[in-house]
Amino acid sequence: MINGNSTLIQVYQLYQNKIKEKEHKNWKYNAVKYHNMATANRKSHNYAVNQLIKESGLEYTSDMFKLMSLIINEKFSIRKCLLLK
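Attention in this report is confined to the structure presented alongside it. The structure displayed is predicted, hence computed values, not measured ones. (Residues numbered from 1 in each chain as written. Predicted model: local features only at pLDDT ≥ 70, side-chain atom pairs only at ≥ 80, totals over all residues. Heavy atoms only, no water.)

1. Focus on helix H3 (residues 62-72)
Spelled out, the test is: Only protein chains enter the area calculation, which uses a 1.4 Å probe; residues under 20% of their type maximum are buried, those over 50% are exposed, and those in between are partly exposed. Going along the chain from the N terminus, every DSSP run of H or I of four or more residues is numbered as a helix, and every run of E of two or more is numbered as a strand.
Taken as a whole, H3 has its buried residues at Met64, Leu67, Met68, Ser69, Ile71 and Ile72. Immediately downstream of H3, the backbone of Glu74 shows phi near 60°, a positive value.

2. Here we look at the side chain of Ser56
In plain terms, the rule: N or O atoms within 3.5 Å of each other form a polar contact, as long as, within protein, one can give a hydrogen and the other can take it, and as long as residues adjacent in sequence are counted only when both atoms are side-chain atoms.
Topologically, Ser56 is positioned in helix H2 (residues 37-56). Looking at Ser56, its side chain comes within polar contact range of the main-chain oxygen of Leu52, at 2.6 Å.

3. Thoughts on the nonpolar core
Put simply, the test is: For our purposes a nonpolar core is just a set of buried Ala, Val, Leu, Ile, Met, Phe, Trp, Tyr and Cys residues, chained together by side-chain atoms within 4.5 Å. The contact rule is simple, with two residues in contact once any of their heavy atoms fall within 4.5 Å.
Tyr15, Leu52, Met68, Ile71 and Ile72 are the most contacted members of the largest nonpolar core, which has 15 residues in total. Counting residues per element, the ones that place at least two in this core are helix H1 (8-34), H2 and H3. No other element matches H1, which puts six residues into this core. Among residues more than four places away in sequence, those in contact with Met68 are Val11, Val49, Leu52, Ile53, Ser56 and Leu58.

4. As for the pattern of salt bridges
This is how the line gets drawn: What makes a salt bridge here is a side-chain nitrogen of Lys or Arg within 4 Å of a carboxyl oxygen of Asp or Glu, nothing more.
Enumeration over the complete set of coordinates arrives at two salt bridges. Of the charged contacts in the structure, one is a salt bridge between Glu21 and Lys25, with a shortest N-O distance of 3.7 Å. Placement of the pair is Glu21 and Lys25 together in helix H1, with a separation of four residues, close to one helical turn. The exposure class assigned to Glu21 is exposed, which follows from its relative accessible area of 57%. By relative accessible area, Lys25 is classed as exposed at 52%.

5. Some points on the packing of H2 against H3
The test is simple: For helices, the fitted line uses only the C-alpha atoms of the stretch in contact; every axis is such a line through C-alpha atoms, and the angle between N-to-C directions lies from 0 to 180 degrees. Note that the term roughly parallel is reserved for angles under 35 degrees, roughly antiparallel for angles over 145, roughly perpendicular for angles of 65 to 115, and oblique for everything else. The nonpolar class holds Ala, Val, Leu, Ile, Met, Phe, Trp, Tyr, Cys and Pro. Asp, Glu, Lys and Arg form the charged class, and all remaining residues, Gly among them, are polar.
Look at H2 against H3: their axes get within 9 Å of each other, and the N-to-C directions meet at 110°. The angle between H2 and H3 places the two elements in the roughly perpendicular class. For the pair H2 and H3, the contacting residues are His45, Asn46, Ala48, Val49, Asn50, Leu52, Ile53 and Ser56 in the first and Met64, Phe65, Met68, Ser69 and Ile72 in the second. Here the contact of H2 with H3 is composed, by residue class, of eight nonpolar, five polar and no charged.

Below is the structure:
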C-alpha cells in the first residue's frame, strides 16, 4: 500500500511487481475479444491504471488517473506531477 510519503518510484515498482502481469493477461483477453489492437491496448491500459489506483489505496479522481497513467507510461517527472496538484 502507498502512503503519503511514497515516491513515484515506489508507485512504479508496485506497478512492475503486481500489476504488469495482470495487464498483459487483460490485453490478451481484449485482443481475442475485440480483434482490434488499438482497442485492446486502450482497455488494458485503463485496466492497469484502475488497478494501480486500487492497489495504492488512493481515491479515484481524474487527476489521479492522469498521474497513474504517466507513471505506467514512464513519462513522469517532478514538473509534470506538480502541474497535476
